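The chain contents come next:
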Amino acid sequence: MPAGNYDPSLTYSSAVGLLYVFNLIVGTGALALPKAFQTAGWLLAVALLVVSCITSYISATFVVESLSIANAATAKRKRDGENEGDENEEIAHHTFEITQRVEVSEMASMFLTRAEVIISYLALNIYLFGDLAIYSTTVSKSFMNVICSSFNSTSIGPDSPCRDFLPSFVTRFFFYRVSIFLFIAACAPMIIIGITKTKYLQLSTTASRWTAFTLMIILASMQLIDKGPAAHPAAVNMHGFGSLFGVTVYAFMCHHSLPSLITPMSSKHMIFSKMAGVYALVIAFYFTLSLTGAFTFEKVQDVYTLNFLHDENASWGYFIIDHFLALFPVFTLSTNYPIVAITLINNVKVLRNLVAPPRYGEDEERLVDADPLADDEPVVTRNIKRRSLGDVLIPILAIGLPTLISFFSDNVLFLASATGSYPGVFVQFLIPCLLVIRARQYSAAFLQTSVPFKHASPFTSQFWPFAVLAWAAFSIVMTTLNLFQIQL
């Protein structure tokens, strides 16, 4: 969907918009947090989650401020085209109002250098590759554990039989790989024809997400009160820093889709304060979910919903709830997978044309970010006049490589931490910081005005972008040291 004035009929209240932001943040990463809390220690996890929440919020305000400047820049270009450009004309403050959806990629093209744009596309593409690998792994692992028997037994391993009556070669990991192929086969037709999530699917996904997370908190709390803590995690375990940092970054990811959620809001009054309230609610939610899980279960699974499967309570009520929780990732992530896959395919094609521009004429292309509110609207907006071999290979590689990763590893915690620690840092920290630095320079040089207070991030000092970048650099170093088991 090209940038432009949004349809007033598609607007929604700020409360609904903030609910969408909450749902965007609270996703797959939340399911890996309890395991990361138990591995890294509860005190270190609490401290790192707070820092990650604050830095993520700062970066999110940078994206919104950059979006405001992009709207003013777009308005100026339109006015200059109509009036043959009066360079001395003062930019009115109302032009900074966010009335046009300008995606992160478009802002990068407006404000960043070509090299920085290529780096931005590359980072987001790698992040989306990781996203697809996490989705296919989580869905397949959940489905495998529902079909195969007695998950919570300590003697169960990947090479254990799936079911006693099945042939010996049908191990749990064998069935996990079969589940991957079934999942990809189900999603491939939707990717080919460009099916996107509808509003009704968005609402049903939201309802199931709130129900599942609420049930997990209640069930874990009840077990903790009734039986006491089954585990006693250490306060600090620096060996778990790397995985914890990656998961916390992944758990607060929303920046690449913020323009799609903020622009349709009918009122942006006090948007930064309202976003702070959303982040406060999210971190309280994460604390409750992670701390109850880390102490309730002796061994927390990397997909937290699986801890509630095959428990000792055999009543029908618990049976239904446990299987609903176990299948929750299957339902929700299956609806997101085609959208992310289509987005990735488009992004890789754009990156290809940035690095090696085609010789033949082609319509201007742009990165298409996943719009979780699109109602039967095709994500693919590119109009290529002639297909090439790359146009066939790119979708195969975009789906095939993440699938191959899932085929050889079912460790969701590792995939989430790796995706968050490296490409996630670029998407959540580097790109927003670069955008706001360059956008402020653009506003001063070409718009000849500072950003109005209403639209400026609360973190107006130039210190803040560099502070966020410093934190990101420190964390990447610590993650890398932990990855190679190097102790300081």
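Everything discussed here concerns the structure shown above.
As the structure is a prediction and not an experimental result, all values here were calculated from the model. (Residues numbered from 1 in each chain as written. Predicted model: local features only at pLDDT ≥ 70, side-chain atom pairs only at ≥ 80, totals over all residues. Heavy atoms only, no water.)

1. Some words on the pattern of salt bridges
Then, number 1: Enumeration over the complete set of coordinates arrives at five salt bridges.
Then, number 2: Residue E65 pairs with R440 through a salt bridge whose shortest N-O separation is 2.9 Å. Of the two residues, E65 is situated in helix α3 (residues 42-83) and R440 in helix α14 (residues 423-447); the sequence distance between them amounts to 375 residues. For the pair shown, E65 and R440 are each scored as buried.
Then, number 3: In this structure, E116 and R438 form a salt bridge, with 2.6 Å as the shortest nitrogen-oxygen distance. With a gap of 322 residues between them, E116 in helix α5 (residues 114-147) and R438 in helix α14 connect regions that are remote in the sequence.
Then, number 4: Using a relative accessible area of 25% as the deciding quantity, one classes R438 as partly exposed. (Salt bridge = Lys/Arg side-chain N within 4 Å of Asp/Glu carboxyl O. Helix = DSSP H or I, 4+ residues; strand = E, 2+ residues; numbered from the N terminus. Buried < 20%, exposed > 50% of the residue type's maximum accessible area, 1.4 Å probe, protein only.)

2. Quick word on the packing of helix α2 (residues 28-40) against helix α10 (residues 271-296)
For any two helices packed against each other, the geometry is given by the interaxial angle and the distance between the axes.
Then, number 1: Taken N-terminus to C-terminus, the directions of α2 and α10 make an angle of 50 degrees; their axes are 8 Å apart at the nearest point. One way to sum up the angle between α2 and α10 is to call them oblique. In the crossing of α2 with α10, the sense of the turn from one axis to the other is right-handed. On α10, the residues that touch A30, L33, P34, F37 and Q38 of α2 are Y286, F287, L289, S290, L291 and A294.
Then, number 2: Of the residues in the contact of α2 with α10, the class split is nine nonpolar, two polar and no charged. (Axes fitted to C-alpha atoms, helices over the stretch in contact; angles between N-to-C directions. Parallel < 35°, antiparallel > 145°, perpendicular 65-115°, else oblique. Left-handed = near helix turned anticlockwise from the far one by under 90°. Contact = heavy atoms within 4.5 Å. Nonpolar A, V, L, I, M, F, W, Y, C, P; charged D, E, K, R; others polar.)

3. Digging into the nonpolar core
Then, number 1: By size, the foremost hydrophobic cluster in this structure holds 140 residues, and its most contacted members are I25, M107, F111, F213, Y286 and Y337.
Then, number 2: A total of 16 residues in this core trace back to one element, the largest contributor, which is α3.
Then, number 3: For I25, the residues in contact, after removing those within four places along its chain, are A251, F252, M253, C254, V278, Y279, V282 and Y286. (Core = buried A, V, L, I, M, F, W, Y, C linked by side-chain atoms within 4.5 Å.)

4. Describing unusual backbone geometry
Then, number 1: Positive phi, close to 55 degrees, is recorded for M270, a residue that is not glycine.
Then, number 2: Look at Q448: it is not a glycine, yet its phi comes out positive at around 55 degrees.
Then, number 3: Assignment of secondary structure puts Q448 in the loop between α14 and α15 (463-483).

5. So, helix α1 (residues 14-25)
Then, number 1: Spanning 12 residues, α1 covers 16 Å between terminal C-alpha atoms, matching the ideal 16 Å at 1.5 Å per step.
Then, number 2: The set of residues buried in α1 consists of S14, G17, L18, Y20, V21, F22, N23 and I25. (Expected span 1.5 Å × (residues − 1).)

6. Some words on the packing of aromatic side chains
Then, number 1: On inspection of all chains with the given rule, the structure shows 27 aromatic pairs.
Then, number 2: For the ring pair Y57 and F459, a centre distance of 6.0 Å and an interplane angle of 80 degrees mean the geometry is edge-to-face. Of this pair, Y57 sits in helix α3 while F459 sits in the loop between α14 and α15, and the two are 402 residues apart along the sequence. We note that Y57, like F459, is buried. (Phe/Tyr/Trp six-rings, centres within 6.5 Å; stacked < 30°, edge-to-face > 60°.)

Worth remembering: the numbers are spatial, not functional.
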